[in-house]
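Coordinates in review
Here is how the chains run, residue by residue.
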Amino acid sequence: MYVTSVFSSILCAKCILNIVNRIYKPKEGVFHRNESDKDYRYWCLRNTIKRWPVWLSHKFPIPFFDNLCFKMFGVKTTFSNSLFEGWVDCEFVEFGKNVKIGQGSFIISNIIIKDKLILKKVTIQDNVIIGAHSIVLPGTVIESNTILNTISMTTVNQRLVSDSVYNGFPAKKVEGSELIKNEAQIKHLIFDTKELEEFDEEKLRTHTKELSVPFHFYL
């Protein structure tokens, strides 16, 4: 019954959404937040149409329904992406492959600031990781193999370059994400000279493996 409800609600909303989009096509831009602005009025209408199926599919503990719902409403994504733990807007969002969204994160293509509605496309390329409780604002482009750290936020129209790690409010590049291939570099980063004398190679490999798991404390 639940699966039938999800599929039927998505299909019904998709049909209604197609009719509304034919009457007035969605577009990017900065619009006035009042009823006289047609773009704002139809944006509210599109959100109302999608609200029930999006909520319903997200409550079921199978990420497949989330990805299906996004694809039906025009989000470019793949079923290999892990989007279930965060919140993703259902228009003007494009994902590459192997994207992971942390718990409580927001990928939003729209934001209301005072009397303005900003509606801009968000592009997230391949192999991107977005940490828990982070916010990606409209117009952001995150290039491939990039990490947005936990509790960070991009700015409107910000571009995060590939093979990098970003952190903070607003997000700033803190380092490249190239792998350390030299064991001497790993030793230098993890241990001081005195500690090195107390570790043999086997202990070093075990200890390095334990420290390689990313972990964050947050309230």
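Residue numbering note: each chain is counted from 1, following its sequence as written. Only residues with pLDDT of at least 70 are given local features in this predicted model, and only at 80 or more are side-chain atom pairs given and counted; all residues enter the totals for whole chains, interfaces and linings. Hydrogens are left out, water is left out, and the side-chain values use all remaining heavy atoms of the structure.

Turning to empty space enclosed by the protein, a few remarks are in order. As defined here, a cavity is a set of points on a 1 Å grid over the protein atoms alone where a 1.4 Å probe fits but cannot get out. A pocket is an open set with protein on both sides within 12 Å along at least five of seven lines, and residues line them when an atom is within 4 Å of a point. Grid points are joined across faces, edges and corners, and a volume is the space filled by probe spheres set on the points. In this structure the tally under the stated criterion is one cavity of 30 Å³ or more. In this model, the largest cavity occupies a volume close to 50 Å³.

On to the packing of aromatic side chains, then. Note on ring pairs: Phe, Tyr and Trp rings are taken, using the six-membered ring of Trp, and paired if centres are within 6.5 Å. Classes follow the plane angle, with under 30 degrees stacked, over 60 edge-to-face and the rest tilted. Under the defined criterion, the tally for this structure stands at six aromatic pairs. Ring geometry for Y24 and Y42: centres 5.1 Å apart, planes at 25°, overall stacked. With a gap of 18 residues between them, Y24 in the loop between α1 (2-23) and β1 (29-32) and Y42 in helix α2 (residues 38-59) connect regions that are remote in the sequence. Exposure is judged per residue with a 1.4 Å probe applied to protein chains only, and the accessible area is read against the type maximum: over 50% gives exposed, under 20% gives buried, and values in between give partly exposed. Accessibility expressed as a relative area gives 17% for Y24, which makes it buried. An aromatic cluster is defined as three or more aromatic residues linked by ring pairs; in this entry it consists of F7, F64, F65 and F79. Only DSSP runs of H or I with at least four residues qualify as helices, and only runs of E with at least two residues qualify as strands; both kinds are numbered from the N terminus onward.

pLDDT is a per-residue confidence score from the predictor, ranging from 0 to 100. When the pLDDT values of the protein are averaged, the result is 82; 79% of them are 70 or greater. Scored below 50 in pLDDT, residues 207-219 shows 13 contacts in the model against residues more than four places distant or in partner chains. Two residues form a contact once any of their heavy atoms are found within 4.5 Å.

Now for α2. For a helix, the expected span equals 1.5 Å multiplied by the residue count minus one. Taking 1.5 Å as the rise per residue, α2 with 22 residues should run 32 Å; its terminal C-alpha atoms sit 32 Å apart, in good agreement. One fitted axis covers the seven residues ending at a residue, a second covers the seven starting there, and the bend at that residue is the angle between these axes. The largest bend along α2 reaches roughly 40° and is located at R51, with the proline P53 sitting one to four residues downstream. Every buried residue belonging to α2 is among D39, Y40, Y42, W43, R46, I49, K50, P53, V54, L56 and S57, and all of these are buried. The secondary structure elements touched by the buried residues of α2 are α1, β1, α3 (63-72), β2 (87-88), β6 (110-113) and β7 (116-119). A 3.5 Å cut-off defines polar contacts: any pair of N or O atoms within that distance qualifies, except that in protein one atom must be a possible hydrogen donor and the other a possible acceptor, and neighbouring residues in sequence count only when both atoms are side-chain atoms. Between a side-chain oxygen at the N-terminus of α2 and the backbone nitrogen of D39 the separation is 3.0 Å; the capping residue is D37.

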